Amino acid sequence: MSAPIVRSRAALAELVAGWRRAGETIGVVPTMGALHEGHLSLVEGAKAGADRVVVTLFVNPRQFNSRDDYEKYPRTEEEDAAKLAPHDVDALYVPGPEDVYPPGFATTVSVSGLTGVLCGAHRPGHFDGVATVCTKLFRQTGADRAWFGEKDFQQLQLVRRLSADLDLGVEVVGCETVREADGLALSSRNVRLGAEARRAAPALHAAMTEAVAALRDGAAAGPVIDTAAQAIRAAGYDEVEYLELRAVEDLRALDRAEVPARLFAAAWIDGVRLIDNLPVT
Ligand SMILES: Nc1ncnc2c1ncn2[C@@H]1O[C@H](COP(=O)(O)OP(=O)(O)OP(=O)(O)O)[C@@H](O)[C@H]1O
Ligand SMILES: CC(C)(CO)[C@@H](O)C(=O)[O-]
Ligand code: BAL
């Protein structure tokens, strides 16, 4: 049996009220669907960390800065519901656009600082869209806790900031990136890679892994990053959009890994934009 699908805000509100009356905790796993093992690891985390689990599926138009990317985003609701079946979640919430953005909707939630760099610098408006929809989804699901992947590490930090700053009372839990056997981070966009690009794609993770080893040995970021970017392009990537060493706490740029740091990358291959990040210290 597939996961029970809840299609309206009103129907979800009824369920949430019942859980609240029973004193149960609520966990949410926000997604845009096209579920893979990465998403399912978040679901398993949520099952272990909350009495009730709501997975949300909403391809949020406000966070896409390219119409083409929005239109091509995979939409596989039936398969998603089937993949969730063995995980026994309490609801798959698939709101309509009007449940999230009713007529007259005029509010944008914007987190400053953290969002001006990395993906924020290259996808104008993206994180405002993410912050706005996460605020809505947290409120609508009544979540006590929310599970997010480290693959989207900047997003994870943003959501933590958002929940604290707006007193949303949602504890944000980060989960390690799930990878293919060849190192490629699972992503809904991977299905858009042609066969040749798919073979070349793990070079991103491989080059980053080598760079991390050098950074751990105390090397300066500049030359290490230049070498890694060259290797990524040589492997078949069309463009390295960014490859940067940044502090975990506030994502400020670093020359060396002297404080808790991660290496962050976004790169284009076969018309697909892939992101990844790895802990350095
Ligand atoms: N490989 C992964 N490992 C762990 N969590 C992941 C992974 N991929 C995505 N997630 C997490 O799943 C949640 C929903 O992400 P989303 O639906 O955008 O999937 P996605 O695979 O990241 O898609 P895309 O990268 O194409 O947007 C986010 O918290 C994201 O960080
Ligand atoms: C958190 C999220 C579901 C908000 O639309 C999205 O950014 C994602 O899938 O990571
Ligand atoms: N995984 C983050 C959602 C996005 O790329 O829009």
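This structure is a prediction, so every number in the text was calculated from the model and none was measured.

Engineer: Mind showing me how you'd approach the UniProt feature "active site" (unreviewed entry) in the protein chain here?
Structural biologist: Look at the UniProt record and you will see "active site" (unreviewed entry) annotated at His39. Within the fold, histidine 39 resides in helix H2 (residues 37-49). You can call histidine 39 buried: its relative accessible area is 13%. Leave out the neighbours within four places in its chain, and histidine 39 touches Thr31, Gly33, Ala34 and Ser188.

Engineer: Before we go on, may I ask you to explain the pairing of strand E8 (residues 261-269) in this structure?
Structural biologist: If a strand is regular, its side chains alternate between the two faces of the sheet. By the criterion of burial, E8 is predominantly enclosed, with eight of the nine residues buried. Both strand E7 (residues 239-247) and E8 contribute to a ladder of eight bridges, which runs antiparallel. Residue pairing for E8: glutamate 239 is matched across the bridge by tryptophan 268. Here E8 pairs with strand E9 (residues 272-279) via eight bridges, running antiparallel. From the neighbouring strand, alanine 266 faces E9, where its bridge partner is isoleucine 275. In sequence, E8 turns back onto E9 through a hairpin of two residues, with aspartate 270 there showing a positive phi of about 55 degrees.

The rules we used
Residues numbered from 1 in each chain as written. Chains lettered and ligands numbered in written order. Predicted model: local features only at pLDDT ≥ 70, side-chain atom pairs only at ≥ 80, totals over all residues. Heavy atoms only, no water. UniProt positions renumbered as here; feature names shortened; annotations may be inferred. Helix = DSSP H or I, 4+ residues; strand = E, 2+ residues; numbered from the N terminus. Buried < 20%, exposed > 50% of the residue type's maximum accessible area, 1.4 Å probe, protein only. Contact = heavy atoms within 4.5 Å. Pairing = 2+ DSSP bridges.

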